[in-house]
Amino acid sequence: MCIRDRVSTQSTWGIQYQLFIIMPPKKKEKSEPNVTIPEGDPVAGKKIFEGECSACHALEGDAKTAAAPPLGKLFGRAAGATGFKYSKAMAGSGIVWSDKHLWEFLKAPGKYVPGLKMSYPGLAGEKDRADLIAYIADS
């Protein structure tokens with residue numbers, strides 16, 4: 001916890017008091033990987049999504065009742081920000097999703113976020129990852 005503000009004030013009865021506003025420390029944002037993402041084909045990415053991801057993930061839906069968080073409008077969203085019950089590892093990862101984070105994450109999710117609950121081993125092929133990222137970006 002960190003003290004964000006301290007406010008001194010005086011009541012109408014002349015009693016002086018101080019209020020402390022305590023906020024949890026901000027999560028440190030994970031820096032974006034220095035990688036170049038090849039251009040992907042969203043049509044091919046849809047096929048990869050349907051074969052590799054759709055058993056657990058959807059693009060839309062209620063994150064609280066889903067088997068996995070929805071992946072639509074992923075980019076710019078902090079990891080752990082939906083109503084889904086994330087692992088402490090993912091919720092505390094500091095990732096703000098971008099194509100570069102997703103590129104590295106998809107290669108080996110458990111290595112990119114140690115302690116992750118998701119049991120997916122990863123998508124090794126660069127073309128497949130680029131296509132999948134293109135599909136998710138278009139969603």
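Everything below is about the structure printed above this text.
Attention here is on the structure that accompanies the text. This one's a predicted model, so the numbers in the text were calculated from it and none came from an experiment. (Residues numbered from 1 in each chain as written. Predicted model: local features only at pLDDT ≥ 70, side-chain atom pairs only at ≥ 80, totals over all residues. Heavy atoms only, no water.)

1. Re helix α1 (residues 42-53)
Heads up, the condition is: The secondary structure listing takes helices from DSSP runs of H or I that are at least 4 residues long and strands from runs of E that are at least 2 residues long, numbered from the N terminus. In this analysis, the expected span of each helix is defined as 1.5 Å times one less than the number of residues it contains. Categorising residues by exposure relies on relative accessible area from a 1.4 Å probe, with only protein chains included: less than 20% of the type maximum marks a residue as buried, more than 50% marks it as exposed, and the intermediate range marks it as partly exposed. What the arc covers is the set of directions going from the helix axis to the C-beta atoms. By definition, residues are in contact when any of their heavy atoms lie within 4.5 Å.
Taking 1.5 Å as the rise per residue, α1 with twelve residues should run 16 Å; its terminal C-alpha atoms sit only 14 Å apart, a clear shortfall. When α1 is considered as a whole, its buried residues turn out to be Gly 45, Ile 48, Phe 49 and Cys 53. All buried residues of α1 lie within an arc of 105° about the axis, which places them on one face of the element. The outward face of α1, more than 90 degrees from its buried face, is lined by the exposed residues Val 43, Lys 47 and Gly 51. Residues of α1 that are buried sit in contact with α5 (126-138).

2. A closer look at the environment of Tyr 86
Filter applied, for reference: Whenever two N or O atoms come within 3.5 Å, that pair is a polar contact, provided that in protein one can donate a hydrogen and the other can accept it, and provided that, for residues adjacent in sequence, both atoms are side-chain atoms.
Relative to the helices and strands, Tyr 86 resides in the loop between α1 and α2 (88-91). Linking Tyr 86 and Leu 116, residues 30 residues apart in sequence, is a C-alpha distance of 8.6 Å. Filtering out sequence-adjacent residues up to four positions away, Tyr 86 remains in contact with Pro 69, Gly 80, Ala 81, Ala 91 and Lys 117. At 2.8 Å, the side chain of Tyr 86 and the side chain of Thr 82 are in polar contact.

3. Section: helix α3 (residues 99-107)
All of the buried residues in α3 are His 101, Leu 102, Trp 103, Glu 104, Phe 105 and Leu 106. Turning to α3, the residues buried within the fold contact α2, α4 (109-112) and α5.

4. Points about the nonpolar core
Cut-off, in case you're wondering: Residues belong to a common nonpolar core when they are buried Ala, Val, Leu, Ile, Met, Phe, Trp, Tyr or Cys residues joined through side-chain atoms within 4.5 Å.
In terms of nonpolar packing, the biggest core is built from 27 residues, with Met 90, Trp 97, Leu 102, Phe 105, Val 113 and Leu 132 touching the most fellow members. Looking at this core, the elements that each hand over two or more residues are α1, α3 and α5. With five residues, α5 is the single largest residue contributor to this core. Each residue touching Met 90, except ones within four places of it in the same chain, is listed here: Ala 79, Trp 97, Phe 105, Val 113 and Leu 116.

5. Structural notes on the pattern of salt bridges
The criterion, for reference: Any Lys or Arg side-chain nitrogen located within 4 Å of an Asp or Glu carboxyl oxygen qualifies as a salt bridge.
Applying the stated criterion to the full structure yields two salt bridges. Close ionic contact of Lys 107 with Glu 104 constitutes a salt bridge, the shortest N to O distance being 3.4 Å. Of this pair, Lys 107 and Glu 104 both sit in helix α3, three residues apart, which is roughly one turn of that helix. Residue Lys 107 is classed as partly exposed on the basis of its relative accessible area of 38%. Given the relative accessible area of 17%, Glu 104 is considered buried. Note that Asp 131 is salt-bridged to Lys 127, the shortest N-O span being 2.9 Å. Placement of the pair is Asp 131 and Lys 127 together in helix α5, with a separation of four residues, close to one helical turn. For Asp 131, a relative accessible area of 3% puts it in the buried group. On the basis of relative accessible area, Lys 127 is assigned to the exposed category, the value being 57%.

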